[in-house]
Amino acid sequence: MISIFFLTLISYLLGSISGSMVMGKFRNVDIRKLGSGNAGGTNAFRTQGFLFAFPVILIDIGKGYIAAEYFNSLNFFDTTSLINANLIFGSAAVVGHCFPIFHNFKGGKGAGTALGVLISILPSTILPALIIWILSLILTGFVGFSTILAAITVSIISFIKLPFIHNIQIMCLFISTFIVFMHRSNIIRMIKGEENQFKKIMLFKK
């Protein structure tokens, strides 16, 4: 019997496969040396454009979904274990994306992979979080700040949708807190007035 620990490790390793590093092999570029130095989809878009960033985002979302959905479907555990296992596998993939063992533990900030996990586990949180993300982005131009608000929205919606304490709520709270932590540098730059804005998409430009 394959243990939950082993599949959690596999989920982490899957999360450690960075979409930007995979695509970077085709272009002979390491986006960690460009722009913000982050290996996520936002920096991929800013430094390499849409055609590079789109498959990066698909890979990052896909690995979160696979870890939460398909690893959970393996019939190695009883029903009670399965309820908890998908949450563990999804969270491990998010951690792997942010701290990938294959890339010196220097990865992205987890939003794309977390989205993949949520598509599998609690898809009803995605639309409200996406609306908040878009509204914040067009009003402020801050991608990181908008992502933080979207992550917090996920936790809020999980508590609204599930009226009693549930493991899914705990996972959403963990992922939301983790994403906020991964964006701590963005928060510091915002406080200092040094954070970059995506001004092309803003409704009100200074």
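Owing to the predicted nature of the structure, the values given are computational and were not obtained by experimental measurement.

Each pair of packed helices can be described by the angle between their axes along with the distance between the axes. Where helix α2 (residues 19–27) meets helix α4 (residues 50–69), the closest approach of the two axes is 8 Å, and the angle between their N-to-C directions is 145 degrees. Between α2 and α4 lies a crossing of right-handed hand. Two secondary-structure elements touch here, α2 through Gly 19, Ser 20, Val 22, Met 23, Gly 24 and Arg 27 and α4 through Leu 51, Phe 52, Pro 55, Val 56, Ile 59, Asp 60 and Lys 63. The residue makeup of the contact of α2 with α4, split by class, is seven nonpolar, three polar and three charged.

Of all residues in the protein, 91% have pLDDT values of 70 or greater, and the mean over the chain is 87. The secondary structure element of the protein with the lowest average pLDDT is helix α5 (residues 79–98), at 80, and the one with the highest is helix α7 (residues 126–140), at 95.

Together, Ile 17, Val 22, Phe 26, Phe 99, Ile 101, Phe 102, Phe 105 and Phe 181 make up an exposed nonpolar region whose accessible area comes to about 770 Å². Tracing the backbone through its elements, the reader meets Val 22 in helix α2. Residue Val 22 is classed as partly exposed on the basis of its relative accessible area, which comes to 31%.

Take Glu 195: it is sitting in the segment after α10 (184–192). Polar side-chain contacts of Glu 195 include one of 2.8 Å to the side chain of Asn 186. Side-chain polar atoms of Glu 195 contact the side chain of Arg 189, separated by 2.7 Å. Once residues lying within four places of it in the same chain are set aside, the contact partners of Glu 195 are Phe 142, Asn 186, Arg 189 and Met 190.

With that settled, consider the packing of aromatic side chains. Counting across every chain of the model gives six aromatic pairs. A centroid spacing of 5.8 Å and a plane angle of 80 degrees characterise the contact between Tyr 65 and Tyr 70, whose relative ring orientation is edge-to-face. Tyr 65 gets classed as partly exposed once you look at its relative accessible area, which sits at 25%. By relative accessible area, Tyr 70 is classed as partly exposed at 46%. Their ring planes at 70 degrees and their centres at 6.1 Å tell us that Phe 99 and Phe 178 sit as a pair that is edge-to-face. Highlighted residues: Phe 99 in the loop between α5 and α6 (111–121) and Phe 178 in helix α9 (residues 167–182), separated in sequence by 79 residues. Look at Phe 99 and you get partly exposed, because its relative accessible area is 30%. The exposure class of Phe 178 is buried, given its relative accessible area of 13%. An aromatic cluster of at least three residues, connected via ring pairs, comprises Phe 99, Phe 174 and Phe 178. In this structure, Arg 184 is placed above the aromatic ring of Phe 181, and the distance from its NZ or CZ to the ring centre is 4.1 Å.

Reading guide: rules and limits
- Residues numbered from 1 in each chain as written.
- Predicted model: local features only at pLDDT ≥ 70, side-chain atom pairs only at ≥ 80, totals over all residues.
- Heavy atoms only, no water.
- Axes fitted to C-alpha atoms, helices over the stretch in contact; angles between N-to-C directions.
- Helix = DSSP H or I, 4+ residues; strand = E, 2+ residues; numbered from the N terminus.
- Left-handed = near helix turned anticlockwise from the far one by under 90°.
- Contact = heavy atoms within 4.5 Å.
- Nonpolar A, V, L, I, M, F, W, Y, C, P; charged D, E, K, R; others polar.
- pLDDT = per-residue confidence, 0-100.
- Patch = residues over 30% accessible without salt bridge, like charges linked within 9 Å, V, L, I, M, F, W, Y side chains within 5 Å.
- Areas by Shrake-Rupley, 256 points an atom, 1.4 Å probe, with all protein chains shown as cover.
- Salt bridge = Lys/Arg side-chain N within 4 Å of Asp/Glu carboxyl O.
- Buried < 20%, exposed > 50% of the residue type's maximum accessible area, 1.4 Å probe, protein only.
- Polar contact = N/O pair within 3.5 Å; in protein donor to acceptor, adjacent residues only side chain to side chain.
- Phe/Tyr/Trp six-rings, centres within 6.5 Å; stacked < 30°, edge-to-face > 60°.
- Lys NZ or Arg CZ within 6 Å of the ring centre and 35° of its normal.

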